[in-house]
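Spelled out, the chains give:
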Amino acid sequence: MTSIPTPRPVAAAPRRSPGQVLRRLWDSYSFRVLIQSLVTIWAVTTFTFVLIRLMPGNPIQIRIDQLMNRGLTFEEAEQQAANLFDFDPDAPILEQYVDYIGKLARGDLGNSILGGGTPVNSIILEFLPWTLFSVGLGLLLSFLLGTLLGVIIAYRRGGFLDNFITTVSSILYGIPDYVIALLLILVVGVQLQWFQVGQMRGAYNPAIEPGFTLEFIASIFQHAILPVGTYILSTTGSWVLAMKSSTLSTLGEDFITVAKARGLSETRILSAYVGRNALLPLVTRLAISIGFVVSGSVIVEEFFQYPGLGRRLLRAITERDYTTMQGIFLVISISVVAANALSDLLLGWLDPRVRVGKGRGR
Amino acid sequence: MKRYIALLLAVVMLVGIVPVSAQEAPEGTWLGTWPYVLPPEHDLGSFTASGLAANLGNVYRSLVEMPFAFYMWSSGEYEPMLASEWGFTEDNTAYRVTINADAMWSDGSPVTSADVLATYSIGRIRGWSQYNYISEVRAIDDKTVEFVFSGEPSLVAERLILKEYIVAAANYGELAARADEIVAAGLTRDSEEWAALASDIGAFKPDVLLASGPYTYTLDTVNDAFMTMQWQPNSIFSGSVQFGEIKLWAGETEVTTPLVLSGELAHSTNVYPANTVTSFESAGINLVTIPRAYGPALLFQHDTYPFNIVEVRQAMAYAINRDENAFLTNGIGASGTVYMSGILDDMVTLLLDEETVESLNRYEYNLETAAGLMETAGFTLDDEGKWVDAEGNRISVEYKFPAEFADFSGASQNAIDQLNAFGFDITARANPWQEVAADIRAGNFQLSVWSWAQGSPFATSQFFGPIQRFNYVGLTDGQIGMNFQMEFEYNGEMVNLQDMINNASTGLDVEAQRERAGDVATIINDLMPFIPLNVMLSVEPMNEAAIAGVPDDSDPIWLNPSGVDHPIIWLILQGTLSDAQ
């Protein structure tokens with residue numbers, strides 16, 4: 001008896017429903033961080049959009065006031081102001097919002113209301129690099145200097161150096177950056193005349209042709225000295241105090257005592273045990289600070305007439321340039337949220353417990 | 001020999017055809033300041049939001065895009081800029097202006113009637129005030145234009161015509177032609193075409209700035225810290241000015257202060273606080289003082305009890321020491337109002353007749369008189385020294401003022417302190433200026449502050465703020481503002497104050513204008529619909545280490561106020577000022 005072999009059914013791959021796929025994705029820590037970040041950016045963008053329009057006065061109203069100061073009647077001023085801007089303040093806010101989000105989805109931030117058609121993208125591209133350079137450099141230098149001094153005084157705690165640096169750091173930490181900026185200009189510039197106030201303004205000497213030349217690069221650094229110096233003076237203190245505290249805490253850990261008992265050299269303990277562990281909490285903080293680099297420092301940039309995003313934002317707020325404000329706030333939001341996400345991911349990588357989802361143990 | 005003669009002739013001919021532009025630029029740099037728009041938004045448009053008006057202000061724009069004439073406040077006469085002759089036609093139906101025969105644009109082309117026509121074609125679309133007085137502008141010949149009055153001839157119209165900046169038809173001719181077509185087609189400002197053209201005008205940014213003044217600039221000379229305007233050889237004033245370039249530092253008061261102190265900024269029109277002014281003096285920097293032509297006024301919302309009672313308003317005028325208030329407004333840069341007439345004190349004797357001036361109540365600081373008026377209004381002092389009415393209600397109100405304006409804030413806080421010491425119960429409320437302005441317009445305030453008077457030599461213009469500007473008559477969309485009723489019975493007769501103000505400066509008869517202005521001033525002085533607290537002065541650093549030729553303080557040029565008639569315009573154009581270094 002022969003039997004006809006029946007074909008064995010091919011094992012079908014297990015198919016997952018979209019819900020299962022989403023659940024699996026949601027279980028991924030990185031995916032959750034990404035989604036949270038996107039939702040946060042959307043929420044902040046929407047909130048900012050509404051908040052800006054709740055501010056008293058709109059660009060046209062402000063121009064009307066300026067024209068009326070010159071003696072025009074309300075009607076005349078209204079007529080002239082309306083012609084200046086491509087903006088209808090009476091359009092329903094929902095209509096404005098849909099238009100804004102629609103353009104945003106295409107990467108278009110719109111045109112500056114005050115700038116007569118200048119795209120907000122180009123305004124941001126013009127000002128952002130200088131803020132990234134000056135505030136970023138200031139942050140980097142203050143972080144390096146602060147953590148270094150923090151470790152040193154933690155090791156020499158109780159001594160003159162500790163007392164001196166801690167006191168100076170506390171004082172500097174308590175002084176707002178704009179006060180330091182003012183002191184630099186008025187005391188060092190005007191009174192002591194160590195530099196010509198006007199010659200330090202702007203991003204570089206306009207007499208020098210921009211390009212990859214030593215002269216131009218030197219001019220950029222020369223003009224950045226004052227804003228960068230201000231950031232360093234105003235923020236180093238906080239890094240020093242945080243690093244000192246973190247180092248002291250690490251020095252009291254058992255593994256340091258064990259390392260010492262094992263007879264490891266001080267240098268090895270400092271670099272491989274103390275420094276690395278003390279830096280961990282500061283790394284998260286640094287990541288968040290990087291997010292705030294983009295927002296620059298409005299008043300410091302204004303005082304030094306440094307062409308950063310903060311200085312442009314100040315004008316946009318004063319004159320209610322809605323589109324430019326929205327664009328700059330969006331860039332700031334993205335940078336802060338991205339820095340926070342980076343910080344979360346970094347923390348998740350350093351400490352696997354953070355990655356574990358609710359009750360899943362994975 | 002013939003060859004040499006021919007060569008010599010050729011040289012002579014060459015020299016002959018070289019234009020005037022062969023003259024050399026003067027040496028020296030003017031160090032000024034203006035908060036211009038930074039690149040990439042900075043543009044060279046005459047009608048754009050980020051164009052010449054925003055970038056040069058009234059002072060420096062006149063050095064680039066000149067109007068017909070410059071007004072001297074001391075003599076009440078115009079001095080020639082772009083025009084050589086001007087005046088009303090014999091039958092007074094039009095105003096005729098002749099452009100200076102030598103007037104040229106910076107590209108060497110002549111300034112002609114076509115440029116004026118183009119300017120006004122665009123102005124019509126933009127709703128210029130001139131069209132309240134004129135119906136058309138017509139060219140008589142290549143250099144002469146007439147502005148045809150739609151009604152009565154007016155000295156106010158004369159000023160508007162002579163002070164308007166004239167733009168080049170080479171840049172704006174196309175837009176002007178579209179404007180002419182729209183007007184010829186009988187379209188009005190409600191039409192889509194009109195709105196579209198207005199929008200195009202507001203967006204038009206010429207690549208090259210054609211200047212009729214002795215200075216011009218390109219976008220290449222605008223940077224983050226300063227912009228530089230270069231001398232150009234083709235203007236009527238190119239031969240007289242003494243500066244080869246005009247350097248304008250960017251920024252406002254707080255940013256320009258260190259530059260003044262370091263000597264890198266020679267002149268500034270910013271409003272500096274009293275202490276800063278003292279620092280300038282200590283540093284040996286000369287100061288010039290000119291009228292600012294406005295000051296803070298205490299505004300009443302007339303629907304608010306008891307500010308609807310005239311005696312209460314008068315009592316408040318007596319109860320505020322205006323000299324003290326002026327000092328706390330702007331130090332030496334302000335003075336207490338004297339005549340309380342709605343007209344700037346400096347102009348009172350020019351715009352009002354002697355009899356009216358004599359009759360004005362000066363409301364000299366007098367608490368007894370103030371108390372008497374309060375009692376007349378039915379108020380008595382309670383145990384705590386506060387005024388209460390017959391029902392025991394105190395005058396508990398809110399005073400809104402703009403937090404950002406140091407001068408208006410100072411004036412307000414001092415007025416509140418003085419009135420509270422007198423027996424009022426006023427709460428200070430500092431808000432963003434945009435909110436305060438909106439609240440005043442909406443009538444959403446009890447007491448507030450805004451400017452009164454303005455830099456115009458006409459009574460009508462000086463009366464405008466705040467009694468028209470912030471009152472229902474000058475507002476739209478149902479806004480009530482101060483809600484001071486402009487039609488009322490006064491001395492047994494019905495008067496319409498709105499019409500009286502509008503007519504105060506009409507016509508050409510100066511004596512009749514004085515009389516009409518006097519009637520308005522008397523009513524304002526009597527009813528005190530607002531209290532003109534003080535008049536501000538512009539205390540401007542003029543560093544003589546950098547600027548030579550500064551006229552002394554007694555020179556009548558310093559009677560010209562800040563704004564379109566700023567003395568610096570004339571002093572630079574005439575070559576009176578030069579680089580001291």
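It should be emphasised that the depicted structure is a prediction, and the values quoted were computed from it without experimental measurement.

1. Some remarks on the overall build of chain B
Okay, so step 1: Each helix and strand in chain B was counted, giving 19 helices and 24 strands.
Okay, so step 2: For 581 residues, the compact-globule estimate of 2.2 N^0.38 gives 25 Å, and chain B sits close to it at 26 Å.
Okay, so step 3: Overall, the C-alpha framework of chain B stretches about 110 × 60 × 45 Å when taken along its three principal axes.
Okay, so step 4: Taking all 581 residues of chain B together, 58% fall into the buried category.
Okay, so step 5: Relative to all contacts within chain B whose residues are 6 or more apart in sequence, the contacts with residues 24 or more apart total 69%.
Okay, so step 6: Looking at charge distribution, chain B has the averaged site of its 26 positive side-chain charges lying 6 Å from that of its 77 negative ones.

2. Looking at the interface of chain A and chain B
Okay, so step 1: Across the boundary between the two partners, chain A contributes 51 residues, which contact 49 residues of chain B.
Okay, so step 2: Summing the contributions of chain A and of chain B, the shared interface buries around 4,000 Å²; its carbon and sulfur component is 52%.
Okay, so step 3: Contact with chain B buries area across many residues of chain A, yet Phe74(A), Asn83(A) and Arg201(A) alone supply 14% of it, more than any other trio.
Okay, so step 4: One salt bridge in this structure joins Asp65(A) and Arg441(B), with 2.6 Å as the shortest N-O distance.
Okay, so step 5: Summed over the shared surface of chain A and chain B, the number is ten residue pairs in polar contact (both at pLDDT 80 or more).

3. A closer look at the pairing of strand β19 (residues 487–490) of chain B
Residues and elements named next belong to chain B.
Okay, so step 1: Of the two faces of β19, only one is covered, namely that formed by Phe488 and Tyr490; the face formed by Glu487 and Glu489 stays uncovered.
Okay, so step 2: Two strands pair when backbone bridges link them, and β19 and strand β20 (residues 493–496) are joined in this way by four bridges, in the antiparallel orientation. Within β20, the position partnered with Glu487 by the bridge is Asn496.
Okay, so step 3: Hairpin geometry of β19 and β20 is characterised by an intervening segment of two residues between the two adjacent antiparallel strands and by a positive phi of about 50° at Asn491.

4. Some words on the domain arrangement of chain A
Residues and elements named next belong to chain A.
Okay, so step 1: Domain assignment breaks chain A into domain 1 (29–105) and domain 2 (124–354).
Okay, so step 2: Using C-alpha coordinates to define each centre, domain 1 is positioned 32 Å away from domain 2.
Okay, so step 3: Taken together, the contact pairs 21 residues of domain 1 with 17 residues of domain 2.
Okay, so step 4: Roughly 1,700 Å² is buried in total at the junction of domain 1 and domain 2, and carbon and sulfur atoms are behind 71% of that figure.
Okay, so step 5: Looking only at domain 1, the three residues that lose the most surface to domain 2 are Tyr29, Ile41 and Ile52, adding up to 30% of its buried area.
Okay, so step 6: Counting across the interface, domain 1 meets domain 2 through zero salt bridges.

5. Remarks on the sheet that holds strand β16 (residues 396–402) of chain B
Residues and elements named next belong to chain B.
Okay, so step 1: Read across the open sheet, the five strands follow the order β17-β16-β18-β12-β21; overall the sheet is mixed. Two strands in the sheet have a free side with no partner beyond their single neighbour: β17 (425–431) and β21 (530–532). The sheet shows a mean angle of 30° between the axes of neighbouring strands, taken without regard to direction.
Okay, so step 2: Across two bridges, β16 lies against strand β18 (residues 447–452) in parallel orientation. From the neighbouring strand, Lys400 faces β18, where its bridge partner is Ser448.
Okay, so step 3: Across the face of the sheet, helix α14 (residues 406–422) comes into contact with β12 (295–300), β16, β17 and β18 while running at roughly 165° to β16.

6. Quick look at the nonpolar core
Okay, so step 1: Judged by nonpolar contacts, the single largest core of 183 residues is most densely connected at Phe68(B), Phe147(B), Leu298(B) and Phe424(B).
Okay, so step 2: Look past the residues within four positions of Phe147(B) in its chain and what remains in contact with it is Phe68(B), Thr93(B), Ala94(B), Tyr95(B), Val97(B), Val116(B), Tyr120(B), Ile134(B), Glu136(B), Val137(B) and Ile161(B).
Okay, so step 3: In terms of nonpolar packing, the next biggest core, distinct from the first, is built from 46 residues, Phe216(A), Ile220(A), Leu286(A) and Phe226(B) among them.

7. Section: the domain arrangement of chain B
All names here are of chain B.
Okay, so step 1: Under the domain assignment used here, chain B contains domain 1 (20–61 + 213–286 + 542–581), domain 2 (65–203) and domain 3 (295–536).
Okay, so step 2: When each unit is reduced to the centre of its C-alpha atoms, the spacing between domain 1 and domain 3 is 35 Å.
Okay, so step 3: Each partner contributes to the interface: domain 1 provides five residues, whereas domain 3 provides four residues.
Okay, so step 4: Summed over both partners, the interface of domain 1 with domain 3 buries about 350 Å², with 64% contributed by carbon and sulfur atoms.
Okay, so step 5: Of all residues in domain 1, the largest losses of buried area upon contact with domain 3 belong to Val271, Ala274 and Val277, amounting jointly to 57% of the total for that side.
Okay, so step 6: Our enumeration of links across domain 1 and domain 3 arrives at zero salt bridges.
Okay, so step 7: Here the residues of the side of domain 1 that touches domain 3 sort into four nonpolar, no polar and one charged.

8. A look at the confidence of the model for chain A
Okay, so step 1: Here chain A averages 86 in pLDDT, and 92% of its residues register 70 or above.
Okay, so step 2: For residues 358–362 of chain A, every residue scores under 50 in pLDDT, and the model assigns this stretch six contacts once sequence neighbours within four places are set aside.

9. Some words on the sheet that holds strand β10 (residues 245–249) of chain B
Residues and elements named next belong to chain B.
Okay, so step 1: Pairing is mixed in the open sheet, where four strands are placed in the order β1-β10-β9-β8. One side of each edge strand has no neighbouring strand; the edge strands of this open sheet are β1 (29–33) and β8 (215–216).
Okay, so step 2: The pairing of β1 with β10 spans five bridges and is classified as parallel. Across the sheet, the residue bridging to Thr29 is Glu245, located in β10.
Okay, so step 3: Lying over the sheet, helix α2 (residues 52–61) contacts β1, β9 (226–231) and β10, oriented at roughly 45° with respect to β9.

10. Let's talk about the confidence of the model for chain B
Okay, so step 1: Mean pLDDT over chain B: 93, with 96% of residues reaching 70 or higher.
Okay, so step 2: Low pLDDT, under 50, characterises residues 12–21 of chain B; the stretch is placed with two contacts to residues that sit more than four places away or in other chains.

11. Brief notes about helix α6 (residues 192–203) of chain B
Okay, so step 1: Taking 1.5 Å per residue, twelve residues should reach 16 Å; α6(B) reaches 16 Å between its end C-alpha atoms and fits that length.
Okay, so step 2: Buried within α6(B) are the following residues: Trp194(B), Leu197(B), Ala198(B), Ile201(B) and Gly202(B). The buried residues of α6(B) all sit within an arc of 140° when viewed along its axis, so they share a single face.
Okay, so step 3: Where α6(B) is buried, its residues contact α4 (74–84) of chain A together with α3 (113–125) and α5 (169–184) of chain B.

12. Remarks on empty space enclosed by the protein
Residues and elements named next belong to chain B.
Okay, so step 1: Inspection of every chain in the model, using the stated rule, returns four cavities of 30 Å³ or more.
Okay, so step 2: If you add up the space inside the largest cavity, you get close to 50 Å³.
Okay, so step 3: Every residue lining the largest cavity is listed: Leu44, Ser46, Glu65, Ala168, Asn171, Tyr172, Pro206, Val208, Leu209 and Leu210.
Okay, so step 4: Here the lining of the largest cavity is composed, by residue class, of seven nonpolar, two polar and one charged.

13. Let's talk about the pairing of strand β7 (residues 144–149) of chain B
Residues and elements named next belong to chain B.
Okay, so step 1: By the criterion of burial, β7 is predominantly enclosed, with six of the six residues buried.
Okay, so step 2: Burial along β7 is two-sided: Thr144, Glu146 and Val148 and Val145, Phe147 and Phe149, pointing in opposite directions, are all buried.
Okay, so step 3: Here strand β5 (residues 94–99) pairs with β7 via five bridges, running antiparallel. Across the sheet, the residue bridging to Ala94 is Val148, located in β7.
Okay, so step 4: Bridge count between strand β6 (residues 134–141) and β7: six bridges; the pairing is antiparallel.

14. Observations regarding the side chain of Asn100(B)
Residues and elements named next belong to chain B.
Okay, so step 1: If you trace the backbone, Asn100 turns up in the loop between β5 and α3.
Okay, so step 2: What makes Asn100 buried here is its relative accessible area of 16%.
Okay, so step 3: A distance of 2.8 Å separates the side chain of Asn100 from the backbone nitrogen of Asp102, its partner in a polar contact.
Okay, so step 4: For Asn100, the residues in contact, after removing those within four places along its chain, are Leu82, Ala83, Ser84, Lys143 and Ile236.

The rules behind the values
- Residues numbered from 1 in each chain as written.
- Chains lettered and ligands numbered in written order.
- Predicted model: local features only at pLDDT ≥ 70, side-chain atom pairs only at ≥ 80, totals over all residues.
- Heavy atoms only, no water.
- Helix = DSSP H or I, 4+ residues; strand = E, 2+ residues; numbered from the N terminus.
- Rg over C-alpha atoms; globule rule 2.2 N^0.38 Å.
- Buried < 20%, exposed > 50% of the residue type's maximum accessible area, 1.4 Å probe, protein only.
- Contact = heavy atoms within 4.5 Å.
- Lys, Arg positive; Asp, Glu negative; His and termini not counted.
- Charge placed at Lys NZ, Arg CZ, Asp CG, Glu CD.
- Buried area = accessible area lost by both parts, 1.4 Å probe.
- Salt bridge = Lys/Arg side-chain N within 4 Å of Asp/Glu carboxyl O.
- Polar contact = N/O pair within 3.5 Å; in protein donor to acceptor, adjacent residues only side chain to side chain.
- Pairing = 2+ DSSP bridges.
- Domains from an automatic or database assignment.
- Axes fitted to C-alpha atoms, helices over the stretch in contact; angles between N-to-C directions.
- Core = buried A, V, L, I, M, F, W, Y, C linked by side-chain atoms within 4.5 Å.
- Nonpolar A, V, L, I, M, F, W, Y, C, P; charged D, E, K, R; others polar.
- pLDDT = per-residue confidence, 0-100.
- Expected span 1.5 Å × (residues − 1).
- Arc of directions from axis to C-beta.
- 1 Å grid on protein atoms, 1.4 Å probe; cavity = no way out; pocket = protein on both sides within 12 Å on 5 of 7 lines; lining within 4 Å.
- Points joined across faces, edges and corners; volume = space filled by probe spheres on them.

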